[in-house]
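# Coordinates in review
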Amino acid sequence: MWTEYRSTWNPKLTELDPRINAYRPDLADAELMGRVEAAAYSAGAPGRVLSGRLALMCTPDDNGRMGSELLFGERVTVFETRDGWAWLQSREDGYVGYARADKLGELNGVPTHRVSALRTFLYASPDLKSPVLEMLSMNARLSVGNHDKGFAELASGGWVWASHISTAEEHEDDHAAVALRFLETPYLWGGRSSIGLDCSGLVQMALARCGKAATRDSDMQAAIGEPVPFDGDETLLTHGDLIFWPGHVGIWLEGGDFVHANATDMKVSRAPFAAIARHIEDTTGDKVTAVRRL
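Structural notes, computed from the coordinates. This structure is a prediction, so every number in the text was calculated from the model and none was measured. Along each chain, residues carry numbers from 1 onward, in the same order as the chain's sequence is written. Residues qualify for local features only when their pLDDT is at least 70, as the model is predicted, and side-chain atom pairs are given and counted only at 80 or more; totals for whole chains, interfaces and linings, by contrast, use all residues. Side-chain descriptors were evaluated using all non-hydrogen atoms of the structure, hydrogens and water having been removed beforehand.

Turning our eyes to something else, we now look at the pattern of salt bridges. Salt bridge, as used here, is a side-chain nitrogen of Lys or Arg placed within 4 Å of a carboxyl oxygen of Asp or Glu. Applying the stated criterion across every chain yields a total of 17 salt bridges. A salt bridge links Arg24 to Asp26, with the shortest nitrogen-to-oxygen separation between them at 2.8 Å. Arg24 gets classed as buried once you look at its relative accessible area, which sits at 13%. A simple rule labels every residue: compare its accessible area, found with a 1.4 Å probe on the protein chains alone, to the largest value its type can have, and call it buried under 20%, exposed over 50%, or partly exposed in between. For Asp26, a relative accessible area of 34% puts it in the partly exposed group. Among the ionic pairs, Arg216 bridges to Asp198, the shortest N-O distance being 3.2 Å. A residue pair is termed long-range when its members are at least 10 positions apart, and Arg216 in the loop between helix 4 (199-209) and helix 5 (218-221) and Asp198 in the loop between strand 19 (196-197) and helix 4 qualify at 18 residues. When its relative accessible area of 7% is taken as the criterion, Asp198 is described as buried. Each of the salt bridges in this network shares a partner with another, and the network as a whole consists of Asp17, Arg19, Asp217 and Asp219. Numbering of helices and strands runs from the N terminus; a helix is a DSSP stretch of H or I covering at least four residues, while a strand is a stretch of E covering at least two.

Given below as structure tokens:
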């Protein structure tokens, strides 16, 4: 449940943070009544994402900035629909924003599986030559029914290759290894898919494939796991440690490399950690602010 997920977050981060609390002067989440003043309150209506990738915008404007991204089958709470836009909150990570309302609806069935491959296609029939309905990225949520010819049928319609999905209870155990599967994926501000993602999106998707829920942005993620004292000595680090700078996060790899989605290479890349830390300090003056171990 969303309330259970939210209760695991750091209260200092969630306190009225507009990224993860749905409130505006004219309308607010009914759960925030008594904490914020608004002209009206709404408990919202449940929905699911019907497209492979759905931009979650900061404003109801196709030419505006994307704050995050929603994946096929993810749950949302819709507080308002107006002029083709839905103002909503993701029930996966709590992010608030605007999305195209025609890409939302009720998917048939309860999600039973997730996409475990980096990406896969949703076909019109159990035939690799049939029309492609959608591209589905890792961690998309699916409700699976029948199987035929190596394909799995979705309750909402369409077929996916069965070996590209896993049950909701099946997870991998090395989020760093999962992150490496995204190498060369283009950097995309707000992205959470194998088509494009940002630094915190990479961390969130890698952890999700390992069954570990994570908040959306890097400053929020700096509160997950346990702190690791770090003074620059890499012998203090362990494979999979999350390393943070102001506005940036990546994953330390055994052997001294580091994987991150970054706007310098404009892609997910791997390089020696020491070189990356030096480049960041030379470019921005920033040093490592935190290391977290899961």
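Moving on, we get to the sheet that holds strand 23 (residues 257-262). Criterion used throughout: strands pair if DSSP finds at least two bridges between them. Pairing within the open sheet is antiparallel, and its 6 strands lie in the order 20-25-21-22-23-24. Each edge of the open sheet carries a strand with a single partner, namely strand 20 (226-227) and strand 24 (267-272). Judged from the 3 bridges that link them, strand 21 (residues 242-245) and strand 25 (residues 290-293) form a sheet pairing that is antiparallel. Considered in strand 25, the bridge of Ile243 is made with Val291. Along the sheet, helix 4 makes contact with strand 21, strand 22 (248-252), strand 23 and strand 24, crossing strand 22 at roughly 45°. Residue contacts are counted whenever heavy atoms from the two residues lie within 4.5 Å of one another. The angle between two axes is taken between their N-to-C directions and runs from 0 to 180 degrees, where each axis is a line fitted to C-alpha atoms and a helix contributes only its stretch in contact.

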